[in-house]
Amino acid sequence: MTPLDAPEPGFDDIALFDMPAPPASVRNAAHRRRLQARFLRAGRDAVDDRELLELLLSGHPEVTDAGALAAALLKVFGTAPRVLAARPDRLRSVPGLSDDVIAVLKAAEALGILMAREEVPDAVRPSFGSYDKVIEYCRTLAGHREVEEFRVLYLNRKNRLIADELLQRGTVCHTPVYPREICLRCLELQASAIIALHDHPSGCPEASRADIDMTGRLRDALKTIDVTLLDHIIVTPSAAFSFQHRGLL
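What you see is a predicted model; the values in this text were computed from it and never measured.

Undergrad: Which residues make up the packing of helix H2 (residues 49–58) against helix H3 (residues 66–77), and what values go with them?
TA: Look at H2 against H3: their axes get within 8 Å of each other, and the N-to-C directions meet at 125°. Looking at the two axes, H2 sits oblique to H3. Every pair of crossing elements has a handedness; the one defined by H2 and H3 is right-handed. Of the residues in H3, those touching H2 at Asp49, Arg50, Leu53, Glu54, Leu57 and Ser58 are Ala66, Gly67, Leu69, Ala70, Ala71, Leu73 and Leu74. In the contact of H2 with H3, the residues fall into eight nonpolar, two polar and three charged.

Undergrad: Describe the environment of alanine 71, listing the residues and the values that go with them.
TA: Its place among the elements puts alanine 71 in helix H3. Residue classification places alanine 71 among the partly exposed positions, given a relative accessible area of 34%. Sequence separation between alanine 71 and aspartate 49 is 22 residues; the distance between their C-alpha atoms is 9.2 Å.

Undergrad: Lay out the pattern of salt bridges in plain terms, naming residues and giving numbers.
TA: A side chain with one charge may pair with a side chain of the opposite charge, provided their charged atoms come close. In the structure shown here, the tally under the stated rule is 19 salt bridges. In this structure, arginine 44 and aspartate 49 form a salt bridge, with 3.0 Å as the shortest nitrogen-oxygen distance. The exposure class of arginine 44 is partly exposed, given its relative accessible area of 41%. As a salt-bridge pair, aspartate 89 and arginine 87 come within 3.2 Å of each other at their nearest N and O atoms.

Undergrad: Break down the layout of surface pockets for me, citing the residues and quoting the values.
TA: Vacant regions in the atomic arrangement are exposed by a probe of water-molecule size rolled over the atoms. In this structure, the largest pocket spans a volume of roughly 540 Å³. Forming the walls of the largest pocket are 21 residues, and the residues nearest its centre are Pro81, Leu84, Ala108, Glu109 and Gly112. Of the residues in the lining of the largest pocket, the class split is 13 nonpolar, four polar and four charged.

Undergrad: Before we move on, could you go through the pairing of strand E4 (residues 228–235) and cite the residues and values that matter?
TA: The side chains of a regular strand alternate, first on one face of the sheet and then on the other. With seven of its eight residues buried, E4 lies for the most part within the structure. Sheet topology places strand E3 (residues 193–199) next to E4; seven bridges connect them, and they run parallel. Following the sheet pairing, aspartate 199 is matched in E4 by valine 235. Handedness of the crossover joining E3 and E4 through helix H9 (residues 209–223): right-handed. Relative to strand E5 (residues 240–242), E4 is paired through three bridges, and the arrangement is antiparallel. Its bridge partner lying in E5, isoleucine 234 is registered against phenylalanine 241. Hairpin geometry of E4 and E5 is characterised by an intervening segment of four residues between the two adjacent antiparallel strands.

Undergrad: Run through the sheet that holds strand E1 (residues 149–155), naming residues and quoting values.
TA: Pairing is mixed across the open sheet formed by five strands, whose spatial order is E2-E1-E3-E4-E5. Taken across any chain shown, the strands that pair with only one partner, and hence form the sheet edges, are strand E2 (161–169) and E5. Strand-to-strand twist in this sheet, taken as the mean axis angle between neighbours without regard to direction, amounts to 20°. This element, H9, spans E1, E3 and E4 of the sheet and lies at about 155° to E4.

Undergrad: Account for the packing of aromatic side chains, naming residues and giving values.
TA: The tally for this structure, following the rule as stated, stands at one aromatic pair. Considering the side-chain rings of phenylalanine 241 and phenylalanine 243, the 5.4 Å spacing of their centres and the 80° angle between planes classify their relative orientation as edge-to-face. Owing to a relative accessible area of 4%, phenylalanine 241 belongs among the buried residues under this scheme. Take phenylalanine 243: its relative accessible area is 0%, and that puts it in the buried class.

Undergrad: Tell me about H9, and please be specific about residues and values.
TA: Residues lying three or four places apart along an α-helix face the same way, a consequence of the helix completing one turn every 3.6 residues. Taking 1.5 Å of rise per residue, the 15 residues of H9 would be expected to cover 21 Å, and the 22 Å separating its terminal C-alpha atoms lies within 8% of that figure. Turning to H9, its buried residues number three or more, namely Asp211, Met214, Thr215, Gly216, Leu218 and Leu222. Buried residues along H9 sit against E1, helix H8 (179–189), E3 and E4.

Definitions and cut-offs
- Residues numbered from 1 in each chain as written.
- Predicted model: local features only at pLDDT ≥ 70, side-chain atom pairs only at ≥ 80, totals over all residues.
- Heavy atoms only, no water.
- Axes fitted to C-alpha atoms, helices over the stretch in contact; angles between N-to-C directions.
- Helix = DSSP H or I, 4+ residues; strand = E, 2+ residues; numbered from the N terminus.
- Parallel < 35°, antiparallel > 145°, perpendicular 65-115°, else oblique.
- Left-handed = near helix turned anticlockwise from the far one by under 90°.
- Contact = heavy atoms within 4.5 Å.
- Nonpolar A, V, L, I, M, F, W, Y, C, P; charged D, E, K, R; others polar.
- Buried < 20%, exposed > 50% of the residue type's maximum accessible area, 1.4 Å probe, protein only.
- Salt bridge = Lys/Arg side-chain N within 4 Å of Asp/Glu carboxyl O.
- 1 Å grid on protein atoms, 1.4 Å probe; cavity = no way out; pocket = protein on both sides within 12 Å on 5 of 7 lines; lining within 4 Å.
- Points joined across faces, edges and corners; volume = space filled by probe spheres on them.
- Pairing = 2+ DSSP bridges.
- Right-handed = clockwise from strand over helix to strand, strands pointing away.
- Phe/Tyr/Trp six-rings, centres within 6.5 Å; stacked < 30°, edge-to-face > 60°.
- Expected span 1.5 Å × (residues − 1).

Shown next, in the form of structure tokens:
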């Protein structure tokens with residue numbers, strides 16, 4: 001048979017490897033749809049930290065490869081909660097993160113804090129069974145920070161939360177605390193009680209000697225203006241230490 005007599009090639013005669021691969025944008029879109037479907041069908045337990053960050057980032061038009069960016073964030077910060085808790089200046093050190101994308105991450109953190117605050121009981125008292133919600137709120141606020149931060153929860157006469165504020169930011173193992181500043185802020189807010197809060201980035205929630213001494217000084221200073229130190233809570237990503245529950249107040 002001469003070449004002119006050869007039959008026209010059919011579909012079965014075309015090797016699959018000769019077909020062009022779909023562009024990356026098409027592959028990424030298909031992967032994103034599969035990931036979204038799995039997450040919506042089975043919930044949080046169906047995805048890991050990288051996939052959860054990928055879902056969060058994939059809807060932003062500036063992000064071309066959400067999976068790679070999520071992996072880069074985890075390489076720097078370790079866990080998804082630590083990514084959300086990171087300061088904007090630290091997030092800017094990761095290539096590919098613009099201020100617009102950073103705002104998405106910080107908005108997700110803020111929504112998580114709002115959800116935790118919704119669970120805080122109307123009356124905040126360490127003796128109540130619902131006090132675990134207060135501790136969970138404290139862990140959401142500060143448990144995933146890279147450095148020590150000292151915060152204060154201000155309460156009114158009915159032990160309802162007025163405000164929670166960051167007072168000082170320190171290093172990985174120390175933050176300075178000034179009882180005078182806390183007393184002045186209590187007077188400004190007309191607070192009747194407070195809960196002190198700080199984190200231990202090391203992961204160990206146990207109070208140090210310095211923590212115990214500082215708590216005593218703060219308690220004594222607050223007494224001079226008739227404000228009660230209800231508790232001092234130390235938090236880590238997975239645990240908490242309550243001075244009240246340990247009998248240290």
